[in-house]
Amino acid sequence: MNYWLLKSEPDVFGIDHLIKMPRKTEHWDGVRNYQARNFMRDSMKKGDLAFFYHSNCKEPGIVGVVRIVREAYPDHTAFDPKCKYYDPNSEPAKPRWFMVDVKYDRRLKRPISLKELKQQTTLKSMKLLQRGNRLSVMPVEKSDWDHILKLETACC
DNA sequence: GCCAACGTTGGC
DNA sequence: GCCAACGTTGGC
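Since this is a predicted model, take the numbers as computed values, not measurements.

A tally of regular secondary structure across chain A gives five helices and six strands. If you list the helices and strands of chain A from N to C, you get β-α-α-β-α-β-β-β-α-β-α. Over its C-alpha atoms chain A spans a radius of gyration of 16 Å, differing by no more than 12% from the 15 Å that the globule rule assigns to 156 residues. Counting only C-alpha atoms, chain A reaches 50 × 30 × 30 Å along its principal axes.

We now examine helix H3 (residues 34-43). Helical geometry: 3.6 residues make up each α-helical turn, so side chains three or four residues apart lie on a common side. If you check which residues of H3 are buried, you get Ala36, Arg37, Phe39 and Met40. Down the axis, H3 shows its buried residues gathered within 160° of arc, on one side only. The inward-facing, buried residues of H3 contact strand S1 (3-8), strand S4 (61-74), strand S5 (98-113) and strand S6 (137-140). One side-chain oxygen at the N-terminal end of H3 lies 3.0 Å from the backbone nitrogen of Gln35; it belongs to Asn33.

Attention shifts here to the protein's contact with DNA strand C. In the vicinity of DNA strand C, the contacting residues are Lys7, Tyr53, Ser55, Asn56, Pro60, Leu114, Lys118, Arg134 and Leu135. Those atoms of DNA strand C that come within 4 Å of the protein belong to sugar or phosphate at a rate of 74%. Between a phosphate oxygen of DNA strand C and a side-chain N or O atom of Tyr53, the distance comes to 2.7 Å. Considering only residue class, the surface near DNA strand C consists of four nonpolar, two polar and three charged.

Taken as a whole, this structure holds eight salt bridges when the rule is applied. In this structure, the salt-bridge partner of Lys142 is Asp146, at a minimum N-O distance of 2.8 Å. Placement of both Lys142 and Asp146 in helix H5 (residues 142-153) is noted, with a separation of four residues, approximately one turn of the helix. Classification of Asp146 as partly exposed rests on a relative accessible area of 29%. Connected via shared salt-bridge partners are Arg106, Lys109 and Glu152.

Quick look at the protein's contact with DNA strand B now. Every residue lining DNA strand B is accounted for by Tyr34, Arg131, Gly132 and Arg134. One nitrogen or oxygen atom from the main chain of Arg131 is found 2.8 Å from a phosphate oxygen belonging to DNA strand B. The residue makeup of the surface near DNA strand B, split by class, is one nonpolar, one polar and two charged.

Before going further, it helps to spend a moment on the sheet that holds S6. If you trace the six strands from one edge of the open sheet to the other, you get S2-S5-S4-S3-S1-S6, paired in mixed fashion. On the outer flanks of this sheet lie strand S2 (25-27) and S6, each paired with one strand and no other. Mean inter-strand twist for the sheet, computed between neighbouring axes without regard to direction, equals 35°. Note that S4 and S5 share 10 bridges and pair antiparallel. Bridge pairing links Val66 to Tyr104 in S5. Sheet contacts for H5: S1, strand S3 (49-54), S4, S5 and S6; angle to S5, the most-contacted strand, approximately 40°.

Let us look at unusual backbone geometry. Phi angles above zero are rare outside glycine, and Arg23 is one such case at about 55°. You can see Arg23 is positioned in the loop between helix H2 (15-20) and S2. The phi dihedral of Lys24 is positive, around 55°, even though this residue is not glycine. Within the fold, Lys24 resides in the loop between H2 and S2. For Lys24, a relative accessible area of 35% puts it in the partly exposed group.

Cut-offs applied
- Residues numbered from 1 in each chain as written.
- Chains lettered and ligands numbered in written order.
- Predicted model: local features only at pLDDT ≥ 70, side-chain atom pairs only at ≥ 80, totals over all residues.
- Heavy atoms only, no water.
- Helix = DSSP H or I, 4+ residues; strand = E, 2+ residues; numbered from the N terminus.
- Rg over C-alpha atoms; globule rule 2.2 N^0.38 Å.
- Buried < 20%, exposed > 50% of the residue type's maximum accessible area, 1.4 Å probe, protein only.
- Arc of directions from axis to C-beta.
- Contact = heavy atoms within 4.5 Å.
- Polar contact = N/O pair within 3.5 Å; in protein donor to acceptor, adjacent residues only side chain to side chain.
- Near = heavy atom within 4 Å.
- Nonpolar A, V, L, I, M, F, W, Y, C, P; charged D, E, K, R; others polar.
- Salt bridge = Lys/Arg side-chain N within 4 Å of Asp/Glu carboxyl O.
- Pairing = 2+ DSSP bridges.
- Axes fitted to C-alpha atoms, helices over the stretch in contact; angles between N-to-C directions.

This is the structure in structure tokens:
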């Protein structure tokens, strides 16, 4: 079982959008970065858990937990010329981009902001906190995962 | 809205 | 294969 962190802009697709989807499930489309794709395609397994992270907003941070309910399959938004994520280099016969399906698991009892994560010396090695990180899909160490969940109920 | 830090593109 | 130019991400 692996742990992940998925970034999304709440104005575009936040955790509230996911909750409103049928079966609270949606495909995680639009990933157009090779490293992020490789994580999704090669390492994400059904049943894995991921933090839902809100980026590019007033209070960036982790807001919830989702579960991977379908492993990687071709991202069809890359095939549609009308779509924002269209990529002419990706064809159905030889797809370049992939997506997984995620299902809402729960919201954290309180959001854990990026600011708070940065204050945790134990989390220093987290990919998310490393300089210039722009990955929208990244693995999270089990120890970091556990530490963050402890913050959820810890008093501040 | 600014801008640093990346990733990608394309000329050479 | 190098690298400048450009586009994007995302915190602030």
